[in-house]
Amino acid sequence: MASRGASVALKGLTKRYGTVVALAPTDLVVEPGEFFSLIGPSGSGKSTLLGSVAGFLPPTAGRIELDGKDVVSVPPYQRNLGMVFQSYSLFPHMSVFENVAFPLRLRKVGSGEIKRRVERMLEIVRLPQLGSRRPEQLSGGQQQRVALARAAVYDPRLLLMDEPLGALDKNLREEMQYEIRQFHRTLGATILYVTHDQDEAATLSDRIAIMKDGRIAQVGGPRELYEKPGNAFVAGFLGEANLFDVADVKANGSDRVLITTRDGLQLASDRRDASLAGSLVACIRPEALAIQQEGAAPQTQCKSYIPGRVQDVVYTAGTVRYHVTTVTGARCLVKLTSQRHLPQFDVGQAVTLACSSADTLLIQKE
Amino acid sequence: MLRLLPLVRPVIAAFVGVVLIYLVLPTFVVLPLSFSAQEYLSFPPQGFSIKWYQRLAANPTWLDATLNSLMIGIPTALLSMVLGTLGALAVVRGSLVRASLLSALLVAPMMLPHVILAIGLYPVMLELGLLRSHIAAILAHTVIGIPLVFLTVTASLRSYSGSLERAAMTLGANLWQTFWKVTLPMILPGVMVGGILAFASSFDELMLSLFMTGATTRTLPRLMWEQMSDFLTPVIAAAASLVFAFSLVMLGMAALLQKRSSTAGGGAHG
């Protein structure tokens with residue numbers, strides 16, 4: 001039953017409302033069986049993209065190919081894909097069983113077969129006893145599991161999910177993320193998933209597209225996006241980042257460079273990517289910074305030292321976050337795993353931040 | 001604020017009571033009048049008698065008028081339900097550029113004086129040869145029935161997200177199937193309430209009936225109006241009391257439907 005998922009290819013997909021560009025011409029290929037997420041701030045075009053694939057928003061231009069066939073002119077009810085909505089969208093006038101049976105009845109499946117497939121599906125989402133309930137008698141998490149079952153019971157090869165966990169509280173959301181992973185593994189369908197939650201996207205996805213202003217800013221695996229962000233927006237959107245505008249980059253030995261930031265800091269970085277052009281930004285992840293007693297340590301080819309003063313200290317479960325103002329006036333976030341043996345620093349204390357050149361990334365500003 | 005002045009609450013309660021009496025009492029006056037033993041309509045009534053109800057039953061004119069009212073009211077309700085629902089679907093779920101303008105036009109007949117509508121329709125119906133027919137009254141009453149259905153169905157459609165219909169479509173339901181299997185079950189209470197209101201407004205309507213109906217098609221309100229000017233006996237009060245009871249039943253049905261739909265709709269957004 002685990003049919004392989006469909007391939008999705010968007011070619012120059014564009015959506016404009018008058019002069020407003022909701023989606024700039026976009027190309028994207030999603031592999032069969034892939035779990036692919038679209039993330040970005042609201043208005044970035046991710047829901048427009050999903051709505052076009054579902055068939056609700058006719059694109060202004062471009063092609064949407066499912067398994068190589070253009071479906072732009074195919075109405076939503078003939079695209080044979082499954083969709084899960086943030087608002088669950090279960091039919092309140094039908095029982096759970098009838099909700100899941102709905103797409104099968106439309107397809108004129110025999111009643112014995114319907115019963116078998118609905119029951120199997122309710123078992124997959126671990127709600128086997130609740131077929132006779134009304135949707136309103138279920139919790140939010142249970143309702144969304146019914147919606148998953150309903151969207152997948154007719155074996156669509158592509159599942160669209162529009163912020164399916166957005167209405168759930170944090171703990172339930174994490175539990176449901178696990179459910180959706182299991183669900184994806186069991187079914188093998190391609191999943192196109194929209195969320196504004198970067199952690200959720202990273203937890204679930206094979207690949208992620210980060211969107212901004214109607215364009216895809218970068219596509220990659222969660223680790224690739226975090227470790228090699230293509231620009232300042234991606235670096236700041238996925239996780240936290242200390243970003244410094246770059247004034248000058250000089251060669252520093254054969255495979256390293258010395259960065260001078262606009263506010264006058266000197267940072268050592270690994271060799272610059274030859275394709276970088278225009279305005280550049282130095283990016284250091286908060287956990288890549290070490291914090292130590294104030295002291296003049298010599299700048300080396302592979303290590304930068306940034307003097308500063310502790311502005312604020314925040315303890316959360318397992319993590320210490322130091323907000324440090326550098327001598328040049330820039331704000332810097334340092335994130336450490338809380339460990340008893342580590343020295344502690346107080347607000348107002350002068351410190352030195354250290355970072356290796358491998359963790360000082362030179363990236364495009366735009 | 002109210003706690004500061006212990007007298008304020010009873011004063012407000014008394015005021016509300018007086019307003020309610022003012023609103024409801026004139027309607028209830030008709031009941032004792034219909035059981036009056038006097039030969040003419042006067043207040044306060046004297047004695048007790050059910051002879052006016054007997055007279056009402058014995059006179060076929062009243063039965064004819066009742067039948068006319070039903071023959072006009074029921075088609076009016078059905079026509080209003082179809083057209084009002086279509087209008088609400090277009091305004092709420094459609095992607096119209098001028099949806100709010102259309103919405104205003106649809107409810108306009110409710111605000112405009114019926115006499116203007118009547119004067120406008122009169123020569124048109126005359127020209128079409130429909131004057132004094134049931135059809136003329138049905139068409140005229142449907143104009144004021146559509147806004148009532150439009151408003152109740154609009155409220156029903158706004159009570160749940162359009163993603164319900166989008167979900168049905170991704171699951172394989174075409175537009176027709178989506179309407180019958182998802183939209184209609186969701187808005188049915190609203191359609192029914194609107195239909196009852198449209199029927200009730202037709203059943204109660206005098207101005208348009210005066211212009212549109214004739215001797216063989218006159219409705220209950222028109223007959224009452226004529227009797228008021230000619231005879232002024234408590235028969236009118238008896239007829240009015242029956243209409244009142246009938247209207248109360250319909251009002252009760254509408255209220256029940258509305259209550260049921262509000263509890264059923266509660267789970268839609270969980």
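Conventions we followed
Residues numbered from 1 in each chain as written. Chains lettered and ligands numbered in written order. Predicted model: local features only at pLDDT ≥ 70, side-chain atom pairs only at ≥ 80, totals over all residues. Helix = DSSP H or I, 4+ residues; strand = E, 2+ residues; numbered from the N terminus. Contact = placed C-beta atoms within 7 Å. Buried ≥ 20, exposed ≤ 12 C-beta atoms within 10 Å, placed from the backbone. Axes fitted to C-alpha atoms, helices over the stretch in contact; angles between N-to-C directions. Parallel < 35°, antiparallel > 145°, perpendicular 65-115°, else oblique. Left-handed = near helix turned anticlockwise from the far one by under 90°. Nonpolar A, V, L, I, M, F, W, Y, C, P; charged D, E, K, R; others polar. Core = buried A, V, L, I, M, F, W, Y, C linked by C-beta atoms within 7 Å. Pairing = 2+ DSSP bridges. Expected span 1.5 Å × (residues − 1). Bend = angle between axes of the 7 residues up to and from the residue. pLDDT = per-residue confidence, 0-100.

What follows concerns the overall build of chain B. The helix and strand inventory of chain B stands at eleven helices and zero strands. Listing each helix as α and each strand as β along chain B from the N terminus yields α-α-α-α-α-α-α-α-α-α-α. Seen through its C-alpha atoms, chain B measures out along the principal axes to roughly 70 × 70 × 30 Å. Relative to all contacts within chain B whose residues are 6 or more apart in sequence, the contacts with residues 24 or more apart total 74%.

We now examine the overall build of chain A. Helix and strand counts for chain A stand at eight helices and 20 strands. Oriented by its inertia axes, the alpha-carbon framework of chain A measures out at about 80 × 50 × 35 Å. Within chain A, the fraction of its 366 residues that count as buried is 42%. In chain A, 66% of the contacts between residues at least 6 apart in sequence involve partners at least 24 apart.

Residue and element names in this part refer to chain A. Here helix 4 (residues 140-152) crosses helix 5 (residues 170-187) at 15°, and the two axes come no closer than 11 Å. Put simply, helix 4 runs roughly parallel to helix 5. For the crossing formed where helix 4 meets helix 5, the hand is right-handed. Each of Gly140, Gly141, Gln144, Arg145, Leu148 and Ala152 in helix 4 lies in contact with helix 5, whose residues at this interface are Leu172, Met176, Glu179, Phe183 and Leu187. Taken together, the residues that form the contact of helix 4 with helix 5 break down as six nonpolar, three polar and two charged.

Here we take up helix 2 (residues 96-106) of chain A. Residues spaced three or four apart along an α-helix face the same direction, because each turn holds 3.6 residues. Residues and elements named next belong to chain A. Buried within helix 2 are the following residues: Val96, Asn99, Val100, Ala101, Phe102, Pro103 and Leu104. Packed against the buried residues of helix 2 are helix 3 (111-124) and helix 4. Looking one or two places after helix 2, you find lysine 108, whose phi comes out positive at around 55°.

What follows concerns the nonpolar core. One finds Leu159, Leu160, Leu192 and Ile210 of chain A to be the most contacted residues of the largest nonpolar core, which totals 146 residues. In terms of residue count, helix 6 (residues 134-158) of chain B provides more of this core than any other element does, 14 residues in total. Not counting residues within four places of it along the chain, the set of residues in contact with leucine 160 of chain A comprises Leu50, Val53, Ala54, Leu81, Met83 and Leu192 of chain A.

Right, let's talk about the interface of chain B and chain A for a bit. The interface is formed by 22 residues belonging to chain B together with 24 residues belonging to chain A. Going through the elements one at a time, helix 7 (163-170), helix 8 (175-204) and helix 11 (235-265) of chain B are the ones with two or more residues in the side of chain B that touches chain A.

Attention now goes to the sheet that holds strand 11 (residues 242-251) of chain A. All names here are of chain A. Judged by pairing direction, the sheet is antiparallel, and its five strands sit side by side in the order 13-12-11-14-20 without closing on themselves. Of all strands in the sheet, those with a lone pairing partner are strand 13 (266-270) and strand 20 (361-364), marking the two edges. When strand polarity is set aside, the average angle formed by the axes of neighbouring strands in this sheet is 50°. Here strand 12 (residues 256-261) runs beside strand 13; their pairing, made up of five bridges, is antiparallel. Along strand 13, the bridge assignment pairs leucine 258 with alanine 268.

Before going further, it helps to spend a moment on the pairing of strand 14 (residues 280-284) of chain A. Moving residue by residue along a regular strand, the side chains alternate between the two faces of the sheet. Residue and element names in this part refer to chain A. The buried fraction of strand 14 is high, at five of five residues. By the alternation rule, side chains of strand 14 split into Leu280, Ala282 and Ile284 and Val281 and Cys283, which are all buried. Pairing geometry for strand 14 and strand 20, over four bridges, is antiparallel. Looking across to strand 20, one finds that valine 281 is bridged to isoleucine 363.

For helix 4 (residues 99-111) of chain B, spanning 13 residues, the distance from its first C-alpha to its last is 19 Å, which sits close to the expected 18 Å at 1.5 Å a residue. Approximately 25° is the largest bend angle found in helix 4 of chain B, and it occurs at leucine 105 of chain B, with the proline proline 109 of chain B only one to four residues beyond.

What follows is about unusual backbone geometry. Not every positive phi belongs to a glycine, and tyrosine 88 of chain A is a case in point at roughly 65°. In this fold, tyrosine 88 of chain A is placed in the loop between strand 6 (82-84) and helix 2.

Moving on to the packing of helix 4 of chain B against helix 6 of chain B. All names here are of chain B. The N-to-C vectors of helix 4 and helix 6 enclose an angle of 125°; their axes lie 8 Å apart at closest approach. In terms of orientation, helix 4 and helix 6 fall into the oblique class. Of the two possible hands of crossing, helix 4 and helix 6 adopt the one that is left-handed. Here helix 4 contributes Leu106, Val107, Pro109 and Met110 to the contact with helix 6, which in turn contributes Val143, Ile144, Ile146, Pro147, Phe150 and Leu151. Residue composition of the contact of helix 4 with helix 6, grouped by class: ten nonpolar, no polar and no charged.

Glancing now at the sheet that holds strand 19 (residues 350-356) of chain A. All names here are of chain A. Spatial strand order, 15-19-16-17-18: five strands in an open sheet with antiparallel pairing. Across the chains shown, the open sheet's two edge strands, defined by having one partner strand only, are strand 15 (290-293) and strand 18 (331-337). Each strand axis lies, on average, 45° off the axis of its neighbour in the sheet, ignoring direction. Note: strand 16 (residues 303-316) against strand 19, seven bridges, orientation antiparallel. Residue pairing in the sheet places lysine 303 in a bridge with serine 356 of strand 19.

Moving on: the confidence of the model for chain B. Residues and elements named next belong to chain B. Averaged over all residues, the pLDDT of chain B is 89; the fraction at 70 or higher stands at 95%. The low-confidence segment residues 265-270, where pLDDT is below 50, has 17 contacts with residues more than four positions distant or belonging to other chains. What the predictor reports for the complex is a pTM of 0.82 with an ipTM of 0.82.

All names here are of chain A. Counting buried positions along strand 8 (residues 190-195) gives six out of six residues, so the element sits mostly inside the fold. Where burial is concerned, the two faces of strand 8 agree: the one with Thr190, Leu192 and Val194 and the one with Ile191, Tyr193 and Thr195 are both buried. Where strand 3 (residues 35-39) lies against strand 8, five bridges are found, and the strand directions are parallel. Paired with phenylalanine 36 across the bridge in strand 8 is leucine 192. Alignment of strand 7 (residues 158-162) against strand 8, held across five bridges, turns out to be parallel.

Attention now moves to the environment of tyrosine 17 of chain A. Mapping tyrosine 17 of chain A onto the fold places it in strand 1 (residues 8-17). Through-space distance from the C-alpha of tyrosine 17 of chain A to that of threonine 60 of chain A is 8.6 Å; in sequence the pair is 43 residues apart.

Mapping isoleucine 284 of chain A onto the fold places it in strand 14. Each residue touching isoleucine 284 of chain A, except ones within four places of it in the same chain, is listed here: Asn242, Leu289, Cys355, Asp359 and Thr360 of chain A.

What follows concerns the environment of serine 356 of chain A. Residues and elements named next belong to chain A. Secondary-structure assignment places serine 356 in strand 19. As for serine 356 and alanine 268, which are separated by 88 residues in sequence, their C-alpha atoms are 7.4 Å apart. Residues contacting serine 356, with those up to four places away along its chain left out, are Cys302 and Lys303.

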